[in-house]
Amino acid sequence: MDSLLDFTNQTVLITGAASGFGKLIAEGLAQRGAKLVLGDVNEAAIESLAAKLRSEGREAVAQMCNVALEEDCQRLVATAVDTFGRLDIAVNNAGISHDFTPFEEIEQSVWTRQWEVNVNGVQYGMKHQIAQMKRQGSGNILNLSSMAGIGAAPGIAAYGAAKHAVVGLTKSAAAELGAVNIRVNAACPFFTLTPMVAESSIAVQKGVAAAESVLSRGCVMKRLGQPDEVANAMILLLSPANTYMTGQCIAINGGALSL
Ligand SMILES: NC(=O)c1ccc[n+]([C@@H]2O[C@H](COP(=O)([O-])OP(=O)(O)OC[C@H]3O[C@@H](n4cnc5c(N)ncnc54)[C@H](O)[C@@H]3O)[C@@H](O)[C@H]2O)c1
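Residues numbered from 1 in each chain as written. Predicted model: local features only at pLDDT ≥ 70, side-chain atom pairs only at ≥ 80, totals over all residues. Heavy atoms only, no water.

**Some remarks on the site of the ligand**
As a matter of local geometry, the ligand sits amid 28 residues, with Ser 19, Asp 40, Tyr 159, Thr 192 and Thr 194 nearest to it. In the model, a nitrogen atom of the ligand is placed 2.9 Å from a nitrogen or oxygen of the Asn 66 side chain. Contact distances for the ligand include 2.9 Å between an oxygen atom and a side-chain N or O atom of Lys 163. Here the ligand loses 92% of its free accessible area of 830 Å² to cover by the protein chains. Only α1 (20–31), α5 (157–177) and α6 (195–198) provide two or more residues apiece to the shell around the ligand. In terms of residues, the shell around the ligand owes the most to one element, α6, which gives three residues. Residue classes in the shell around the ligand are distributed as 16 nonpolar, 10 polar and two charged. Each of domain 1 (3–190 + 226–252) and domain 2 (192–224) accounts for three or more of the residues forming the shell around the ligand. (Near = heavy atom within 4 Å. Polar contact = N/O pair within 3.5 Å; in protein donor to acceptor, adjacent residues only side chain to side chain. Areas by Shrake-Rupley, 256 points an atom, 1.4 Å probe, with all protein chains shown as cover. Helix = DSSP H or I, 4+ residues; strand = E, 2+ residues; numbered from the N terminus. Nonpolar A, V, L, I, M, F, W, Y, C, P; charged D, E, K, R; others polar. Domains from an automatic or database assignment.)

**Re a nonpolar patch on the surface**
Where nonpolar side chains cluster on the molecular surface, the patch consists of Val 220, Met 221 and Leu 257 and spans about 340 Å² of accessible area. Position of Met 221 relative to the elements: it lies in the loop between α8 (208–215) and α9 (227–238). Given a relative accessible area of 47%, Met 221 falls into the partly exposed group. (Patch = residues over 30% accessible without salt bridge, like charges linked within 9 Å, V, L, I, M, F, W, Y side chains within 5 Å. Salt bridge = Lys/Arg side-chain N within 4 Å of Asp/Glu carboxyl O. Buried < 20%, exposed > 50% of the residue type's maximum accessible area, 1.4 Å probe, protein only.)

**Some points on the pattern of salt bridges**
Considering all chains together, one arrives at seven salt bridges under this definition. Linking Arg 86 and Asp 88 is a salt bridge whose minimum nitrogen-to-oxygen distance equals 2.8 Å. Classification of Arg 86 as partly exposed rests on a relative accessible area of 30%. Linking Glu 229 and Arg 223 is a salt bridge whose minimum nitrogen-to-oxygen distance equals 2.7 Å.

**A word on the pairing of strand β5 (residues 139–144)**
Taking burial as the measure, the six residues of β5 include six buried ones, the bulk of the element. Here β5 shows a buried face lined by Gly 139, Ile 141 and Asn 143 and a second buried face lined by Asn 140, Leu 142 and Leu 144. Sheet topology note: the strand β4 (residues 89–92)/β5 ladder contains four bridges and is parallel. Counted as the bridge partner of Ile 89 is Asn 140 from β5. For the handedness criterion, the β-α-β arrangement of β4, helix α4 (residues 108–136) and β5 is classed as right-handed. Judged from the six bridges that link them, β5 and strand β6 (residues 182–189) form a sheet pairing that is parallel. What sits directly across from Gly 139, in β6, is Ile 182. (Pairing = 2+ DSSP bridges. Right-handed = clockwise from strand over helix to strand, strands pointing away.)

**Quick word on the domain arrangement of the protein**
In terms of domain boundaries, the protein breaks down into domain 1 (3–190 + 226–252) and domain 2 (192–224). Relative to domain 2, the C-alpha centre of domain 1 lies at a distance of 23 Å. Listed by partner, the interface residues are 15 residues for domain 1 and 12 residues for domain 2. Taken together, the two surfaces of domain 1 and domain 2 that pack against each other cover about 1000 Å², and 61% of this comes from carbon and sulfur. Broken down residue by residue, the surface that domain 1 buries against domain 2 is led by Phe 100, Phe 190 and Gln 226, which jointly contribute 46%. Applying the counting criterion to the domain 1 and domain 2 interface returns three residue pairs in polar contact (both at pLDDT 80 or more). For the side of domain 1 that touches domain 2, the elements supplying multiple residues, two or more each, are α1 and α9. With three residues, the single largest contributor to the side of domain 1 that touches domain 2 is α9. (Contact = heavy atoms within 4.5 Å. Buried area = accessible area lost by both parts, 1.4 Å probe.)

**Re α9**
Under the 1.5 Å per step criterion, the end-to-end length of α9 is 17 Å for 12 residues, consistent within 8% with the ideal 16 Å. Within α9, the full set of buried residues consists of Pro 227, Val 230, Ala 231, Met 234, Ile 235, Leu 237 and Leu 238. Relative to the axis of α9, the buried residues are bounded by an arc of 155 degrees and lie together on one face. Considering only its buried residues, α9 is in contact with α1, β4, β5, β6 and β7 (249–252). (Expected span 1.5 Å × (residues − 1). Arc of directions from axis to C-beta.)

**Observations concerning the packing of α1 against α9**
At a minimum axis distance of 9 Å, the contact between α1 and α9 shows a crossing angle of 55 degrees. One way to sum up the angle between α1 and α9 is to call them oblique. Where α1 crosses over α9, the two elements pack in a sense that is right-handed. Residue-level inspection shows Phe 21, Leu 24, Ile 25, Gly 28 and Leu 29 of α1 in contact with α9, the latter providing Pro 227, Asp 228, Val 230, Ala 231, Met 234, Ile 235 and Leu 238. A class-by-class count of the residues in the contact of α1 with α9 yields 10 nonpolar, one polar and one charged. (Axes fitted to C-alpha atoms, helices over the stretch in contact; angles between N-to-C directions. Parallel < 35°, antiparallel > 145°, perpendicular 65-115°, else oblique. Left-handed = near helix turned anticlockwise from the far one by under 90°.)

Dropping the structure here:
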């Protein structure tokens, strides 16, 4: 295997691994030799993914993990260490969106839930991942932000604020941890046709093709991302050979233009 994409013996923890990007990254890294620790609130789906990977000769464990609960995030790191002895890579991917809503109509419950899952969920994960990575003397963290975390789009203010916070967490941790050999970056995808978008209210109401046409207007490639091409870009970022990149929030966006 090309050493640029050889994840042999790398222990990788992924949250939100039951669907979309998390699942594709898990499958892509498993094929390239990684040992996987998969967390999600959808316990049946991650158990089934881990069983499928094991049946293909890969190493994978699954554990129910609600990232909005610190103890669940701590337990997922403990499972990585108990099962595989260490934690090399963490992908803080679990996240939720909300319906397009005018700013002043966003309900506080939506705002609070965005913060609980998309911000606290990343911070809880990072806290316990970093503690373990410091003990080992190395580590690599990739957080899922969004184009909404480095730019803006109308109607998704709560999601955008939360994803900007993920950028803040990423850069702050990178500044603090570079000297101890722990790198922290963020991926910032544009709208991509994972279940998050393909099953969103706008796609259900208008149909996926019409929703794609509306959502991709500000994108020079005039289409939304396909899940595998965006997950592939994240796998490239995670390459064990990519050792001098930290504190970066990388757009994967088909040339989407934004504020
Ligand atoms: N799809 C897009 O257009 C897009 C664009 C930019 C960023 N993102 C981000 O990428 C990440 C993955 O999204 P996706 O598109 O694959 O979505 P998805 O809905 O397909 O998958 C999200 C996964 O996260 C899990 N999850 C939700 N809440 C959780 C919680 N509290 N604890 C643990 N797991 C939980 C879900 O069960 C699901 O398996 C998210 O952080 C999302 O905000 C997505």
